[in-house]
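Geometric and topological summary
Residue-level listing of the chains:
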Amino acid sequence: MLDGQQRITSLGRFITNKFAIKDENGMPQIFGNMAKDKQKKILETKLLIYECVGTESQIKEWFKTINIAGVPLNNQELHNAVYSGPFVTKAKEEFSNSQNANIQKWSAYVSGSANRQDFLERALDWVSKGNIGDYMSKHRQDKNINDLKKYFNIVIDWVSSVFVDVETEMRGLEWGRFYEEYHKRSYNPTKVSAYVRKLYGDFVVKDKKGIFEYILGDNKDTKLLNIRIFDEPTKRAVYEMQTLEANTKKKSNCSLCAVGHDANKNKIWSFGEMDADHVSAWSKGGATEVRNCEMLCKTHNRAKGNR
Ligand SMILES: [Zn+2]
């Protein structure tokens, strides 16, 4: 048995009557009450035990091999095994204990379960800026987890002070990165809260998860919201209108080409060569409807950027 420390310990505890197991009739039996021949059989069974000594990367490889047979260990479970020591023990007491009263609060921002080490992984990810292995290796023999705990709480407190309402989509966001990027800016929680509500209610916003970083970044990066674009019938109708007018005026049906000075100033683009654009940008209050829709050739649409 390679990963058998816990199993070997359990065998030891069983033969010293620490717990009972069910016999073939479903009756719980402690070792001392078992038939003598069965006791003898257990006691005389030889266990093949290898005590493994190796570098951390070798140990990691062994664990990978073992895991092919059973439920795979996830990354953090592997890290815990490789860097086992006082630091991991302390860290698990705090972050991997489903009885910890803070778990519920943390669950608003961190997804996963304490048992599968998801909270510990997030805490380490945040404090180490993504270098979990290095951090665990460096702190392996530490007798406390003060820095880890402090940083995690700073991030959580910061999030909950900026965004006073808890939304489902907040779970699992990169709060550690957001904290690093944005914590020096100041936000008005009341205004932020009202703006979150507004964006949640706007059908044009397809990606609700993006709302939080969008607001943190001063409402600039609309890509984060995956803004709903004009639907096909709208684009077709606008295309037909523009093209009809362009043909009459002998100009390009792309308004930006039409005012240009190159060969494209008279070009009639096909529908497939054009894209829809918000005349008045969505981020400045422009609606996603026909009268705010203009078809531009793809080059000009791209040049105007994602607004
Ligand atoms: Zn154009």
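Secondary structure summary: the protein chain contains 15 helices and four strands in total. For the protein chain, whose C-alpha radius of gyration is 31 Å, the value lies well above the compact-globule estimate of 19 Å for 307 residues. When the backbone C-alpha atoms are referred to their principal axes, the protein chain occupies close to 105 × 40 × 40 Å. When each of the 307 residues of the protein chain is scored for burial, the buried share is 22%. Within the protein chain, residue pairs in contact and separated by at least 24 positions form 52% of the contacts whose partners lie at least 6 positions apart.

Before going further, it helps to spend a moment on the domain arrangement of the protein chain. Interface extent is often summarised as the accessible area lost during association of the parts. What the domain assignment reports for the protein chain is domain 1 (5-44), domain 2 (83-159), domain 3 (185-228) and domain 4 (232-304). Taking only C-alpha atoms into account, the centre of domain 1 sits 37 Å from that of domain 2.

Here helix α7 (residues 118-128) crosses helix α9 (residues 146-162) at 90 degrees, and the two axes come no closer than 9 Å. Taken as axis vectors, α7 and α9 run roughly perpendicular relative to one another. Across the interface between the two elements, A123, L124, W126 and V127 from α7 touch D147, L148, Y151, F152 and V155 from α9. Here the residues of the contact of α7 with α9 sort into eight nonpolar, no polar and one charged.

Here we come to the packing of α7 against helix α8 (residues 132-139). To describe two helices that pack against each other, one gives the angle between their axes and the distance between the axes. Where α7 meets α8, the closest approach of the two axes is 9 Å, and the angle between their N-to-C directions is 90 degrees. What the angle tells us is that α7 and α8 run roughly perpendicular. Here L124, D125, V127 and S128 of α7 lie close against α8, whose contacting residues are I132, D134, Y135 and M136.

Here N17, not a glycine, exhibits a phi torsion of approximately 65 degrees, which is positive. Residue position: N17 is located in the loop between α1 (5-15) and β1 (21-22). The backbone of N219 sits at a positive phi, close to 55 degrees, despite the residue not being glycine. Looking at the element boundaries, N219 is found in the loop between α12 (211-216) and α13 (232-249).

Cut-offs applied
Residues numbered from 1 in each chain as written. Predicted model: local features only at pLDDT ≥ 70, side-chain atom pairs only at ≥ 80, totals over all residues. Helix = DSSP H or I, 4+ residues; strand = E, 2+ residues; numbered from the N terminus. Rg over C-alpha atoms; globule rule 2.2 N^0.38 Å. Buried ≥ 20, exposed ≤ 12 C-beta atoms within 10 Å, placed from the backbone. Contact = placed C-beta atoms within 7 Å. Domains from an automatic or database assignment. Axes fitted to C-alpha atoms, helices over the stretch in contact; angles between N-to-C directions. Parallel < 35°, antiparallel > 145°, perpendicular 65-115°, else oblique. Nonpolar A, V, L, I, M, F, W, Y, C, P; charged D, E, K, R; others polar.

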